[in-house]
Amino acid sequence: MDLAIALDRKAAIPLHRQLYEELRRAILERRLSQGQRLPSTRLLAKSLGVSRLTVTQSYEQLIDEGYLQTIVGSGTFVCTQLPDDLLHSASSPSENKMARLPIKLSHYAAVLTEIDIPNMAGPNTPISFRYGRPAFDQFPIQLWRKLLFRHSRASLDWLDYASDPLGHRPLREAIAHYLSRSRAVQCEPDQILLVGGTQQALDLIARLLVNPDETIALEEPSYLAVRRHTFLSQGAKLLPIPVDESGLVVEQLAKFSSDNIKLVYVTPSHQFPTGAVLSLQRRLELLSWAQQTTAIIIEDDYDSEYRYEGQPIPALQGLHSSNTVVYIGSFSKMLFPSLRIGYLVLPQQLIPVFARAKWLIDRQLPLLEQHVLADFIQEGYLERHLRRMRLYYDQRRQVLVQAIKVHLGERATILGENAGIHLIVRLHTNLSDEDIIHRARRVGVGMVTTKPYYLQAAPSGEFIFGYSALTVQQLEEGIHKLTEVLC
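Going along each chain's sequence as written, the residues are numbered from 1 onward. Reporting of local features is limited, given that this is a predicted model, to residues whose pLDDT is at least 70; pairs of side-chain atoms are given and counted only at 80 or more, and all residues count toward the totals for whole chains, interfaces and linings. Only hydrogens and water are set aside; all other atoms, that is, all heavy atoms of the structure, feed into the side-chain values.

For the rest of this paragraph, the subject is the confidence of the model for the protein chain. Close inspection of predicted coordinates is inappropriate for parts of the model with low pLDDT. Per-residue confidence for the protein chain gives a mean pLDDT of 88, with 93% of residues at or over 70. Every residue gets a pLDDT, meaning the predictor's confidence in that residue, from 0 to 100. Helix and strand definitions follow DSSP, with helices as H or I runs of at least four residues and strands as E runs of at least two, each counted in order from the N terminus. Within the protein chain, no element has a lower average pLDDT than helix α4 (residues 84-100), which sits at 51, and none a higher one than strand β4 (residues 192-195), at 97.

Structure, rendered in structure tokens:
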């Protein structure tokens, strides 16, 4: 083990004393942990370029003072019990000094201090209606391992730095081809920037397109992380636009055209959290409004892969040839969240600056996963997996909807059930949301309210029911238990 120790050979203090002080400080600051073995005197002397006698003198002094101990046949170790008075006197002044040190945060940091990081694990209950978690047991893990093995043994290129700032080109080509077929997106591979998921995509958008005090229109309710973690941190003014059963009410948005709206953020394929799908008429109205006002549309194509009724509607980006839409996609829900590969489809004029910004904050995504995902898409495994998962999730959706209708009847209204991997239920009860959550938790059911997703006054009794990660039995049992606590 090498120790980071700096000795000044020109100082008046002897080297053995300097080494003693450095080792003692490392012990008190816990950089050398209690019970940790130190290098032998010979190895440390060679590492520091000093005589063995210098190290021996330092060790002996520390042993005498109770910081080190020797074990015959094993070596020299930091004592498991240190001199308490010395430890206290050495650490307290510096700790108190640090506590008093004034540090002025940036505006970005100041906003973040007011934000609670959401618990991505969801409610810790036997049956949790958390949303956004795919069915991991249905993922073709053996196939994924096979592809990983194929690329890990083919060469060592995936260990190196990436040469393309936009991301692995074969993967961008595969994504462009997939989007053209499945979502009618108009793009070339060079318009695609690979990012570490949707949140990094939004962070780049906020940094590069939003100035303080500019207005951002977004759906009401809307995706929590967008509102708090991204646009507010850049000092933007937020303008909530209502959502109904046909998605964003563009007529309401048009009333604020004089407010100089810079961006409008939408989730048209499966509005989060209501589940509404933006109608084709509204999509055309939104595109027309953006062209007239020069605003940019941020299209987060959330849950577009899972639609169970009606014909798929083309992406906003593919409905218009203008450069008014920035398209965001991710593989978190299609495959698994820890993959952390998403993408932006950018208008041509934005590609250089976005590529530079991505390079600055995050040099590259892991190359091995990019190679594997490219094959997964190109060889047809992605679309095969999605076809199978649509049937799988649709079965669970139908079970959940039927259970709600049977057990709750007129006490519940179901919203947004025709797409995605969650739905909304409005419970008609005199109980508060907090009472419902508490009662459900007592019987082992985790509930998630929609209240945090509203900028303005939120309705009571509105809950998100995710069903993708639950079994048929869990779905039926969860609704049955919820019915009992609502009585």
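On to the pairing of strand β6 (residues 237-244). Strands qualify as paired when DSSP identifies two bridges or more between them. Bridging between strand β5 (residues 215-220) and β6 involves six bridges; their strand directions are parallel. Considered in β6, the bridge of threonine 215 is made with lysine 237. Bridge analysis of β6 against strand β7 (residues 247-248) gives two bridges, and the strand direction is antiparallel. In the strand pairing of β7, valine 243 is matched with leucine 248. Following β6, the chain reverses through two residues before pairing antiparallel with β7.

Let's shift gears to the nonpolar core. Of all hydrophobic cores here, the largest spans 68 residues; its most connected members are Phe129, Phe331, Leu335, Leu373, Met447 and Phe465. Looking at which element gives the most residues to this core, the answer is helix α15 (residues 381-407), with 11 residues. The contact criterion used is simple: two residues touch if any of their non-hydrogen atoms lie within 4.5 Å. In this structure, phenylalanine 465 is in contact with Phe129, Leu400, His422, Leu423, Val425, Met447, Ile479 and Leu482, ignoring residues within four places of it in sequence. The nonpolar core is taken to be a set of buried Ala, Val, Leu, Ile, Met, Phe, Trp, Tyr and Cys residues, with the residues joined through side-chain atoms within 4.5 Å. Under the scheme applied here, a residue whose accessible area is under 20% of the maximum for its type counts as buried, over 50% as exposed, and between as partly exposed, the area being computed with a 1.4 Å probe on protein chains only. Of all hydrophobic cores here, the second largest spans 28 residues; its members include Phe231, Ile296, Ile328 and Ala357.

Within the fold, arginine 130 resides in the loop between β3 (127-128) and α6 (141-154). Along the backbone, arginine 130 and isoleucine 464 are 334 residues apart, and their C-alpha atoms lie at a distance of 7.5 Å.

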